[in-house]
Amino acid sequence: MPRLVGIFGGTFDPVHYGHSLTIAELLNTIPFEKILVIPNSLPPHRENSQASFSHRYKMTSLAFRDIEKTVVDNRENLRTGPSHAIETVKQIIAEEGKTKVILIVGSDSFDGIHSWYKWRELISLVDFLILKRLDMPLSKNKNVQDLISPTRFSEDLLLDRKAKSIFEIEMTPLRISSSLIRENIAKGKSIDNLINPLVKDYLKKHGLYGSKNST
Ligand code: ATP
């Protein structure tokens, strides 16, 4: 049976339960050896993050601290230039040797796959698991839909070393986003139940997202 290594990248601005609890559930569902959680340094598909890499990295480390088999990885801050998934993937494939590397993304991220740098090469190198986000479903766009495996996800298919597949997978849906958290903080609304208390304390302590006067 091949070793399974997951890569879960994101801006994590800030990290929330939609990230950490979903990954914890995924780890209970699929026998990953580990999942590398990789904050982006310079996200290529969005405006610059609000919090610095250092703050986002520290918050992500707090959020995943108690989730076994996750490793928060700072490699994207060690490179110069934009964070392209393909470079990270190639590095990890080279490091891990005989492994099946699986990129884990939310449906909203996968929707933009055609704009990812060297996406064709990327999908030839790794499998994808797309986490269904009910509030941001995968578009009906045929170009996107055609990439998704018509077969329902099964662990056996993932473990087949030869095939490279793109599966949608349904974990307990959590309607939480970093934007919602930033918005709640700005409006002085509670972010409890959306975010790990350690992350909440951290962002308050550092006055991130304007949190000093609110929550
Ligand atoms: P923003 O609201 O600022 O766009 P976000 O909440 O989508 O941020 P990201 O850091 O961009 O957070 O997300 C990293 C990865 O996690 C992406 O692939 C995204 O689709 C996925 N993701 C984010 N929130 C959830 C969630 N609630 N459930 C499942 N996947 C999620």
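What counts and how
- Residues numbered from 1 in each chain as written.
- Predicted model: local features only at pLDDT ≥ 70, side-chain atom pairs only at ≥ 80, totals over all residues.
- Heavy atoms only, no water.
- Near = heavy atom within 4 Å.
- Polar contact = N/O pair within 3.5 Å; in protein donor to acceptor, adjacent residues only side chain to side chain.
- Areas by Shrake-Rupley, 256 points an atom, 1.4 Å probe, with all protein chains shown as cover.
- 1 Å grid on protein atoms, 1.4 Å probe; cavity = no way out; pocket = protein on both sides within 12 Å on 5 of 7 lines; lining within 4 Å.
- Sits in = over half its atoms within 2 Å of the grid points.
- Helix = DSSP H or I, 4+ residues; strand = E, 2+ residues; numbered from the N terminus.
- Nonpolar A, V, L, I, M, F, W, Y, C, P; charged D, E, K, R; others polar.
- pLDDT = per-residue confidence, 0-100.
- Phe/Tyr/Trp six-rings, centres within 6.5 Å; stacked < 30°, edge-to-face > 60°.
- Buried < 20%, exposed > 50% of the residue type's maximum accessible area, 1.4 Å probe, protein only.
- Contact = heavy atoms within 4.5 Å.

## Points about the site of the ligand
And then number 1: Every one of the 21 residues lining the ligand counts as a neighbour, but D108, S109, L174, S178 and S179 are closest to it.
And then number 2: One of the side-chain nitrogen or oxygen atoms of H19 is found 3.1 Å away from an oxygen atom of the ligand.
And then number 3: One of the side-chain nitrogen or oxygen atoms of S179 is found 2.3 Å away from an oxygen atom of the ligand.
And then number 4: Within the complex, 91% of the 600 Å² of free accessible area of the ligand lies under protein.
And then number 5: With respect to the pocket detection grid, the ligand is positioned in the largest pocket.
And then number 6: Looking at the shell around the ligand, the elements that each hand over two or more residues are β1 (3-10), α1 (17-29), β4 (99-106), α5 (107-111) and α9 (178-187).
And then number 7: Here the shell around the ligand is built from residues that sort into 6 nonpolar, 11 polar and 4 charged.

## Side note on the confidence of the model for the protein chain
Any segment with low pLDDT has predicted coordinates that should not be analysed in fine detail.
And then number 1: On average, residues of the protein chain score 90 in pLDDT, and 92% of them reach the 70 mark or higher.
And then number 2: The spread of mean pLDDT over the elements of the protein chain runs between helix α8 (residues 155-159), the lowest at 69, and strand β3 (residues 70-72), the highest at 98.

## Some words on the packing of aromatic side chains
What describes a pair of aromatic rings is the distance from one ring centre to the other and the angle between the planes of the rings.
And then number 1: Tallied over the full model, the rule gives 4 aromatic pairs.
And then number 2: Taking 5.6 Å as the distance between ring centres and 50 degrees as the angle between the ring planes, the aromatic pair formed by F8 and F12 counts as tilted.
And then number 3: Since its relative accessible area comes to 6%, F8 is described here as buried.
And then number 4: Relative to Y57, the ring of F53 lies with its centre 5.8 Å away and its plane at 15 degrees, an arrangement referred to as stacked. Of this pair, F53 and Y57 both sit in helix α2 (residues 53-64), 4 residues apart, roughly one helical turn.
And then number 5: Note on F53: relative accessible area 12%, which makes it buried.
And then number 6: Given the relative accessible area of 25%, Y57 is considered partly exposed.

## Some remarks on the environment of I38
And then number 1: Here I38 is to be found in strand β2 (residues 34-39).
And then number 2: Sequence spacing of I38 and T60 is 22 residues, and the spatial spacing of their C-alpha atoms is 8.8 Å.

## Quick look at the side chain of S178
And then number 1: With respect to the helices and strands, the residue S178 is situated in helix α9.
And then number 2: Overall, the relative accessible area of 12% leaves S178 in the buried class.
And then number 3: Within the structure, S178 has its side chain in polar contact with the backbone oxygen of P14 (distance 2.8 Å).
And then number 4: Contact partners of S178, with chain neighbours within four places excluded, come to D13, P14, H16 and H19.

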